[in-house]
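Listed below are the residues making up each chain.
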Amino acid sequence: MSIFIPDSETKLYGLLGETLSHSISPSLHNNGFRDLGINAVYLMLETKKQDLEGYINSLKTLGFAGWNVTIPYKESIIPYLNGFSSLARASGAVNTVLNRRGRLTGYNTDVIGFQRQVEEAGVKVKDKRAVVIGAGGAARAVIAALIQLDLKDITIINRTVENAEELAKLFREENSKQNFDFCSLKEQEYGELLKAADLVVDTTPVGMYSNDIKNIVINPDYLHEEQLVIDLVYNPLKTKILQEAEKRGAQVGNGLPTLIYQAEASFKLWTQEMPPKKKWYQIAEKAVGEIEAKDDAVD
Ligand code: NAP
């Protein structure tokens, strides 16, 4: 195995977030750089909320060429940026930054990633109904993608109903072709909406491995065989909601394709080159396996 040694020409990239120990992104991007002979490195950029502004200034001073943004900074980074892509603007969230001589532009490649995942699932979603569970940064990207995909009705279900209401209002103001609705996580409110949905997307972290893997955010009895059910979580690869949806005959998908496609779009934006996507899937699946094994050892 050859060791990469950075020099004065090495371009710097990374992932900006609060807690990053489980992230797969460094493995993907660094593998892409090595495979394509690009003199660049992708680092973990962990900082606390109160230090965000100073940290971003440091990244600029150090000449970082770009970085990804994850929980909890996808919205809070916005005031520090100089410009936005149309998808970042539409979603109100940024997961990728490009630094052009100190001028920072925000992009949202999660939107592209999720849109491609749905397109590749081969399900016709134009003019159909979607239920999005959760109202955070990931939900914003998913809803922006659903608008690109021309869905007709989009309902946001959330634990804090006020956050769902706010998000529905925001998207309603900007998009007249779709109907936006919202409701709480009370079964008597969401049950029939969930049953009537063609596409159900769980954007909450509830099914994540570090939580209780038996956790499920909704009662799955409203899921059925005519639906596509996607959980944005990819660790574990099959969360409880996907297991239950599959039992009821639904087509299911985990968050891995969105992860890979968003990373691919960021990589292309930074380097103008296409990374080896097939290899990235293998790396991601291996990394998830290793995280699961480590967590098992801890539990
Ligand atoms: P976020 O901004 O913190 O939002 C989390 C949302 O989940 C909020 O609406 C929150 O509800 C809800 N929630 C959290 N815990 C809950 C619980 N115990 N029960 C019910 N609802 C709960 O996070 P995010 O950026 O949207 O990310 C969410 C998940 O998506 C994470 O697991 C992340 O890893 C995943 N993700 C995956 C990809 C991918 O490429 N596959 C991309 C982006 C995100 P409240 O409003 O009530 O707090």
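Note: the structure precedes this text.
Residues numbered from 1 in each chain as written. Predicted model: local features only at pLDDT ≥ 70, side-chain atom pairs only at ≥ 80, totals over all residues. Heavy atoms only, no water.

1. Considering the nonpolar core
Under the convention used in this document: To define a nonpolar core, start from buried Ala, Val, Leu, Ile, Met, Phe, Trp, Tyr and Cys residues and group those joined through side-chain atoms within 4.5 Å. Summary of the burial criterion: residues with accessible area below 20% of their type's maximum are buried, those above 50% are exposed, and those between are partly exposed, where the area comes from a 1.4 Å probe applied to protein chains only. Secondary structure elements follow DSSP: runs of H or I no shorter than four residues count as helices, runs of E no shorter than two count as strands, and numbering proceeds from the N terminus. What makes two residues a contact is simply this: any of their non-hydrogen atoms within 4.5 Å.
With 30 residues, the main nonpolar core has Phe-114, Ile-143, Leu-146 and Leu-199 as its most contacted residues. Elements with a minimum of two residues in this core: helix H4 (109–121), strand E7 (129–133), helix H5 (137–148), strand E8 (153–158), helix H6 (161–174), strand E10 (199–202) and strand E11 (228–231). With 8 residues, the top contributor of residues to this core is H5. Apart from the residues within four sequence positions on either side, Leu-199 is in contact with Val-125, Arg-129, Ala-130, Val-131, Leu-146, Leu-151, Leu-228 and Ile-230. Counting residues in hydrophobic clusters, the runner-up holds 24 residues, among them Leu-15, Ala-40, Ala-263 and Ala-284.

2. Some details on the packing of helix H1 (residues 25–35) against helix H9 (residues 256–271)
What counts is decided by this rule: In this analysis, axes come from line fits to C-alpha atoms, helices being fitted only over the stretch in contact, and the angle between any two N-to-C directions falls in the range 0 to 180 degrees. Convention used here: angles under 35 degrees read as roughly parallel, angles over 145 as roughly antiparallel, angles from 65 to 115 as roughly perpendicular, and any remaining angle as oblique. Left-handed is the label given to a crossing in which the near helix is rotated counterclockwise from the far helix by less than a right angle, and right-handed is the label when the rotation is clockwise. Think of it as three bins: nonpolar holds Ala, Val, Leu, Ile, Met, Phe, Trp, Tyr, Cys and Pro, charged holds Asp, Glu, Lys and Arg, and polar takes everything else, Gly as well.
As a packed pair, H1 and H9 sit with axes 11 Å apart at the nearest point and diverge in direction by 45°. Regarding the angle of H1 to H9, the classification is oblique. Considering the relative orientation of H1 and H9, their crossing is right-handed. Where H1 approaches H9, its residues Leu-28, His-29, Gly-32 and Phe-33 are matched on the opposing element by Leu-259, Ile-260, Ala-263, Ser-266, Phe-267, Trp-270 and Thr-271. Considering only residue class, the contact of H1 with H9 consists of 7 nonpolar, 4 polar and no charged.

3. Comments concerning the pattern of salt bridges
The cut-off we apply is this: A side-chain nitrogen of Lys or Arg and a carboxyl oxygen of Asp or Glu constitute a salt bridge if their distance falls within 4 Å.
In the structure shown here, the tally under the stated rule is 14 salt bridges. Among the ionic pairs, Arg-248 bridges to Glu-244, the shortest N-O distance being 2.8 Å. Shared partners join several salt bridges into a network, and the residues in it are Asp-221, Lys-240, Glu-244, Lys-247 and Arg-248.

4. Here we look at the side chain of Ser-91
Worth spelling out the cut-off: Polar contact is the term for a pair of N or O atoms within 3.5 Å; when the atoms are in protein, one must be able to donate a hydrogen and the other to accept it, and sequence-neighboring residues count only if both atoms are side-chain atoms.
Relative to the elements of secondary structure, Ser-91 occurs in helix H3 (residues 86–91). In this structure Ser-91 comes out as buried when scored by relative accessible area, which is 1%. Side-chain polar atoms of Ser-91 contact the backbone oxygen of Ala-88, separated by 3.3 Å. Those residues in contact with Ser-91, other than ones at most four positions away along the chain, are Asn-108, Val-111, Arg-140, Ala-141, Ala-144 and Phe-171.

5. Remarks on the sheet that holds strand E12 (residues 251–253)
Inclusion rule: Being paired, for any two strands, means DSSP has found at least two bridges between them.
In space, the 6 strands of this open sheet follow the order E9-E8-E7-E10-E11-E12, with parallel pairing throughout. Every interior strand has two partners, whereas the edge strands, strand E9 (179–184) and E12, have only one. The sheet shows a mean angle of 15° between the axes of neighbouring strands, direction not considered. One ladder, built from 5 bridges, connects E7 with E8; its direction is parallel. Counterpart to Arg-129 in the pairing with E8 is Asp-153.

6. Digging into H9
What counts here: What a helix should span is 1.5 Å times the count of its residues minus one.
Between its terminal C-alpha atoms H9 stretches 22 Å, which fits the 22 Å expected from 16 residues at 1.5 Å a residue. The buried count for H9 comes to 14 of 16 residues, which makes it a mostly enclosed element. Phi turns positive, to about 60°, at Gln-272, one or two residues after H9.

7. Comments concerning the environment of Thr-105
Tracing the chain through its elements places Thr-105 in strand E6 (residues 103–107). Of note is the side chain of Thr-105, whose polar atom sits 3.5 Å from the side chain of Arg-100.

8. Details of the site of the ligand
How we decide: Whether a residue is near a molecule or strand depends on its heavy atoms: it is near if one of them lies within 4 Å of it. Where accessible areas are quoted, they stem from the Shrake-Rupley method and a 1.4 Å probe; at the residue level, only the protein chains shown are allowed to cover. In this document the domain limits rely on a domain assignment from an automatic tool or a database.
Taken together, 25 residues are adjacent to the ligand, and Ala-135, Ala-138, Asn-158, Thr-160 and Asn-163 come closest. One of the backbone nitrogen or oxygen atoms of Ala-135 is found 2.8 Å away from an oxygen atom of the ligand. Here a nitrogen atom of the ligand and a backbone polar atom of Gly-255 are 2.9 Å apart. If the ligand stood free it would expose 930 Å²; the protein chains cover 77% of that surface. Taken together, the elements giving at least two residues each to the shell around the ligand come down to H5 and H9. The class makeup of the residues in the shell around the ligand is 12 nonpolar, 10 polar and 3 charged. Each of two domains, domain 1 (11–109 + 257–298) and domain 2 (111–254), supplies a minimum of three residues to the shell around the ligand.

9. Description of the side chain of Thr-10
Mapped onto the elements, Thr-10 comes out in the segment before strand E1 (11–17). At a separation of 2.7 Å, a polar atom in the side chain of Thr-10 contacts the main-chain amide nitrogen of Asp-7. Excluding anything up to four places from it in sequence, Thr-10 contacts Phe-4, Asn-39, Ala-40 and Val-41.

10. A few points about the sheet that holds strand E4 (residues 83–84)
Read across the sheet, 6 strands follow the order E2-E1-E3-E5-E6-E4 without closing on themselves; strand pairing throughout is mixed. Taken across any chain shown, the strands that pair with only one partner, and hence form the sheet edges, are strand E2 (40–46) and E4. As paired elements, E1 and strand E3 (residues 66–69) share 2 bridges and run parallel to each other. Across the sheet, residue Leu-15 finds its bridge partner in E3, namely Asn-68.

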